[in-house]
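# Notes for the structure review
These are the residues of each chain, in order.
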Amino acid sequence: MLARKITVSDFRNIAHAEVSFEEGINVLCGDNAQGKTNLLEAIYFASIGKSFRGNHTNEMIRFGQKEALLSLDFRTGGREQSISLCLGGGRVRAAEKNRVKIRRMSEIVGSFRAVLFCPEHLSLIKEGPAERRQFLDIAISAAEPLYMGALQRYNRILKQRNALIKAAEKDKALFETTVDIWSRQLAHEGAYIAKSRQRYVKNAEGYMKECFKEMTGSREEPSLLYLGVGGKDFDGYEDLSKTEEMLYQKLSQNHERELGAGATLWGTHKDDVEVLLNGHAARSFCSQGQQRSLALALKIAEGELCKIDCGEYPVLLFDDVLSELDRGRREYLLKHIKGKQVIMTTCEKEGFDADHLIVVKNGTYRKAE
Ligand SMILES: Nc1ncnc2c1ncn2[C@@H]1O[C@H](COP(=O)(O)OP(=O)(O)OP(=O)(O)O)[C@@H](O)[C@H]1O
Ligand SMILES: [Mg+2]
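Remember, it's a predicted structure, so these values are computed and weren't measured experimentally. (Residues numbered from 1 in each chain as written. Chains lettered and ligands numbered in written order. Predicted model: local features only at pLDDT ≥ 70, side-chain atom pairs only at ≥ 80, totals over all residues.)

Let us look at the overall build of the chain. A tally of regular secondary structure across the chain gives ten helices and 15 strands. For 369 residues, the compact-globule estimate of 2.2 N^0.38 gives 21 Å, and the C-alpha radius of gyration of the chain, at 22 Å, lies within 12% of that figure. Considered along the principal axes of its C-alpha atoms, the chain spans approximately 75 × 50 × 35 Å. Within the chain, the fraction of its 369 residues that count as buried is 42%. Long-range pairs, those at least 24 residues apart, make up 72% of the contacts in the chain with a sequence separation of at least 6. (Helix = DSSP H or I, 4+ residues; strand = E, 2+ residues; numbered from the N terminus. Rg over C-alpha atoms; globule rule 2.2 N^0.38 Å. Buried ≥ 20, exposed ≤ 12 C-beta atoms within 10 Å, placed from the backbone. Contact = placed C-beta atoms within 7 Å.)

This is how it looks when you write it as C-alpha cells:
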C-alpha cells in the first residue's frame, strides 16, 4: 500500500493543500497547532470513512465554510487508485472511488489500508472496554466485509431489543411475545462477531509477544485475552452454533434481570479484551512508557495482520509516536518500520532519519529541500 498524494480543501485549519508522499519515512514536522495531526486525520478518514478523533463531521469543516473535500491517490494491488470525499451537512455528502460515485461508505472502507497510532490510543490500555471493542471493530471491519455487516445488524437488533425492554414497563405482553425473535437474531449475529474478535485477539497476541521480545530483550511479556460472552474459560468461539446457543440461553433465561436493568445484559456489546504484562493487568500496573509500548505493539500487530489479510503492508500513520519511548524502544520501532511507508508527525526533526521531510506551518505543507 502506498499513499501518493492527498488533496484537501477546507478541512480543519487547511484551506487548501496538495501533499505528496514517497516510499519510506515521510515526516510532517512543525510547531504545535500547525496542522500535523489534521493531515493524518484526513488521510485516515479516507481509510475508515470517519474521524479517528470521534468528532462530528461538521467539526472537521474549516471554520466559516460549508463543506470540506478530501481526495487521496494511492497505489495498491499494482494499480493506481483514488478515493474522493465531500463532507457537509453533518455527514459524508458524496463519495467516489476511482472516479465512480459510491453510495455506501462500506464500499470505501478497506480500500486504502492504513494503521494509525496516536497518543489517544493509550486509552486502549487505560480506559474501559468500549475503546478496545472499537479498536477490534475498526481493525476487523477493514479485513472482513462480512464482519461489518454483522456488526451493523447486531447494533440494529440490540437497539430494537433494548427498546422492547424499556417499553415492557407499559406493555409486558408485547415483550413476552416478541423478545424471543430478537434474542435469536442477536445470538446469531453475536456468535459471528465473537468468533472474529476472538480469532483476531489470538493472532494479535502472537505478534505483540514477538514485538516485546525484541523491544525489551524478553524482560516483558504481554498477553491478550478475549473476554466474550462465555467469560475467560469458554473456548468454543470457533463453533458458531455453540456460541449462538450459549448466548441465546443467557438472553432467554434472565428476562427479569434485564427488565430490572432496562437493557440487554448479555452479548458482544459487553465484550472486553484483557491486556496483561508479565501476568499483571496493564491498566493498573504498567508505567506510562509500558502502556505506550503495549498500544504500539498492538498497532504493529494490526499492521502484520493486515499484511496477511491483503498481501500488502498498510501505510503506517504515526502521530507523535516517539515521545515517552526510551532508546531501546525507539530503536526497535525505527528498525521495524524500515522498508514500509510511514507518515509521521513530530515537533523536532532530530532523532531519526527522515526520507522525506515536510514542513508544516499554519495549515500549509512544504517539502524541505
Ligand atoms: N474546523 C476547524 N477549522 C479551523 N481550524 C481548526 C478546525 N478544527 C481544528 N482547527 C485548528 O487546527 C489547528 C491545528 O491542529 P492539529 O491538531 O493538526 O495540530 P498539530 O500540528 O498536530 O499540533 P500538536 O503538535 O500540538 O499536536 C488547531 O489550532 C485547531 O484549533
Ligand atoms: Mg498533533
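So, on to the site of ligand 1. The immediate surroundings of ligand 1 are formed by 17 residues, with Asn 13, Asn 32, Lys 36, Thr 37 and Asn 38 found nearest. In terms of residue count, the dominant contributor to the shell around ligand 1 is helix H1 (residues 36–48) (three residues). A class-by-class count of the residues in the shell around ligand 1 yields five nonpolar, eight polar and four charged. (Near = placed C-beta within 6 Å. Nonpolar A, V, L, I, M, F, W, Y, C, P; charged D, E, K, R; others polar.)

As a further point, take the sheet that holds strand S8 (residues 114–117). Strand order across the open sheet formed by six strands is S8-S12-S13-S3-S14-S15, with mixed pairing between neighbours. A strand with exactly one partner marks an edge of an open sheet, and here the two such strands are S8 and strand S15 (364–367). Averaged over neighbouring strand pairs, the angle between their axes works out to 20° when direction is ignored. (Pairing = 2+ DSSP bridges. Axes fitted to C-alpha atoms, helices over the stretch in contact; angles between N-to-C directions.)

Put simply, an interface is often sized by how much accessible area is lost when its parts join up. Each assigned domain of the chain is listed with its residue range as follows: domain 1 (1–113 + 315–369) and domain 2 (120–311). Counting residues at the interface gives 15 residues for domain 1 and 16 residues for domain 2. With five residues, the single largest contributor to the side of domain 1 that touches domain 2 is helix H10 (residues 327–336). Per-class residue counts for the side of domain 1 that touches domain 2 are seven nonpolar, four polar and four charged. (Domains from an automatic or database assignment.)

Relative to each other, helix H3 (residues 129–143) and helix H5 (residues 172–216) sit at 95°, their axes nearing to 10 Å. By the angle between their directions, the pair H3 and H5 is classed as roughly perpendicular. Between H3, through Leu 136, Ala 139 and Ile 140, and H5, the contact on the second element is made entirely by Ser 196, Arg 197 and Tyr 200. Classifying every residue of the contact of H3 with H5 by side-chain character gives four nonpolar, one polar and one charged. (Parallel < 35°, antiparallel > 145°, perpendicular 65-115°, else oblique.)

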